[in-house]
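Residues per chain are reported as follows:
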Amino acid sequence: MSTNLDAIAAMDFPHHERKSRWPARLDLIQSASGLSLGLFMWGHMVFVSSILLGSDAMWTVTKFFEGYFFFGKSHPWIVSVVVAMIFTLFIVHAFLALRKFPINYREYRNFRGHMKVMQHEDTSLWFWQVFTGFALFFLGSVHLYIMLTHPDGIGPYESADRVWTDYMWPLYILLLLAVEFHGGIGLYRLAVKWGWFSGSDPNAARKQLKRVKWAITVVFLVLGFTTLGAYIKIGIDHAPNYGERYVPTWQQKAPQEQSR
Ligand code: HEM
């Protein structure tokens, strides 16, 4: 990949200074960090939605990430390390995205004006990506900070209590909408930008990509909201016992055993 960049940078531009390689490098880092975050979010959705298979399934996924099945004991700091890596990627990606934001209100108004006149769908998609990206700065940071500092507070009851009794659900509704639109548009734009799946007819490929993008967004939103609904329901039922940790069914003592 660097050979292309090197070739462009080494070109002889008659009336200009030798071009810097940095804008192209930063673009590449932004694409790579966005792709990694997008793929991470697919995994995240699968892990978090394990609650739909039952509390024991989600408990097992949680304990897996705490190293319980490797070390025979939970080490929640492992989760903190993973969160710290994702958080760093998130900050790098957001910092690089700053370059793409309209600089001031006038520039923003001009852009909106052009967007309305042109009615070009990809331009509108770009606007929504910037808008949802801006929202993610705040919404994503709150969630990641909590995960970083309370890695031991993840589990069927622990998560459900946070979602319902600790009032995280309104934030999660907004975060889910923002991340699914942002990620869907982002992955679509990456595919167009780097010419993936473009085939012999780029226009037809772009239309097809757009259909796939919408299908993915709808599937993830439906799965995400169903998952959120499941945590809310468990949270409401568990509210009287707020703070109690989940014990998997096979470790729960039968009532007669408990009274012995
Ligand atoms: C390694 C980093 C992350 C971990 C360990 C993590 C963990 C979790 C967990 C355990 C939940 C269930 C609810 C709860 O316990 O509060 C959750 C929900 C959620 N997370 Fe994350 N998360 C991470 C990163 C992210 C990122 C980067 C985003 C988006 C920017 C995100 C968006 C969401 C959303 C929207 C929900 C709730 C909606 C749903 O149920 O699908 N998470 N996360």
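Residues numbered from 1 in each chain as written. Predicted model: local features only at pLDDT ≥ 70, side-chain atom pairs only at ≥ 80, totals over all residues. Heavy atoms only, no water.

### What to know about the overall build of the chain
When helices and strands are counted, the chain shows 11 helices and zero strands. When the helices and strands of the chain are listed from N to C terminus, the series reads α-α-α-α-α-α-α-α-α-α-α. The buried share of the chain, reckoned over its 260 residues, is 35%. Within the chain, contacts between residues separated by at least 24 positions form 73% of all contacts whose residues are at least 6 apart in sequence. Entry remark: accessible area of the chain is about 16,400 Å², with carbon and sulfur atoms responsible for 68%. (Helix = DSSP H or I, 4+ residues; strand = E, 2+ residues; numbered from the N terminus. Buried < 20%, exposed > 50% of the residue type's maximum accessible area, 1.4 Å probe, protein only. Contact = heavy atoms within 4.5 Å. Areas by Shrake-Rupley, 256 points an atom, 1.4 Å probe, with all protein chains shown as cover.)

### Thoughts on the packing of helix α7 (residues 121-149) against helix α9 (residues 169-193)
Where α7 meets α9, the axes come as close as 7 Å, and the angle between the chain directions of the two elements is 130 degrees. Of the possible angle classes, the one that applies to α7 and α9 is oblique. Crossing angle aside, the handedness with which α7 passes α9 is left-handed. Among the residues forming the contact of α7 with α9, the class breakdown is 16 nonpolar, seven polar and two charged. (Axes fitted to C-alpha atoms, helices over the stretch in contact; angles between N-to-C directions. Parallel < 35°, antiparallel > 145°, perpendicular 65-115°, else oblique. Left-handed = near helix turned anticlockwise from the far one by under 90°. Nonpolar A, V, L, I, M, F, W, Y, C, P; charged D, E, K, R; others polar.)

### Considering the pattern of salt bridges
If you walk through the whole model with that rule in mind, you get five salt bridges. Across the pair Lys193 and Asp27 runs a salt bridge whose closest N-O atoms are separated by 2.7 Å. Pair noted here: Lys193 is in helix α9 and Asp27 is in helix α2 (residues 22-48), with a separation of 166 residues, a long-range link. The exposure class of Asp27 is partly exposed, given its relative accessible area of 21%. What emerges from the salt-bridge pattern is a single network uniting Asp27, Arg99 and Lys193. (Salt bridge = Lys/Arg side-chain N within 4 Å of Asp/Glu carboxyl O.)

### So, the site of the ligand
Taken together, 19 residues lie near the ligand, and His44, His143, Ser159, Arg162 and Tyr172 sit nearest. A distance of 2.9 Å separates a nitrogen atom of the ligand from a polar atom in the side chain of His143. Mapped by element, the contributors of at least two residues to the shell around the ligand are α2, α5 (77-97), α7, α8 (156-164), α9 and α10 (202-238). Of the residues assigned to the shell around the ligand, the class counts are 13 nonpolar, five polar and one charged. (Near = heavy atom within 4 Å. Polar contact = N/O pair within 3.5 Å; in protein donor to acceptor, adjacent residues only side chain to side chain.)

### Brief notes about the side chain of Lys210
In this fold, Lys210 is placed in helix α10. With residues up to four places along the chain from it excluded, the contact list for Lys210 reads Glu121, Asp122, Leu125 and Tyr188.

### Here we look at a nonpolar patch on the surface
A cluster of nonpolar side chains, contributed by Val46, Phe47, Phe64, Phe65, Phe69, Phe70 and Phe71, occupies part of the molecular surface with about 740 Å² of accessible area. If you list the elements that add at least two residues to the nonpolar patch, you get α2, α3 (55-65) and α4 (68-71). Structurally, the position occupied by Val46 is in helix α2. (Patch = residues over 30% accessible without salt bridge, like charges linked within 9 Å, V, L, I, M, F, W, Y side chains within 5 Å.)

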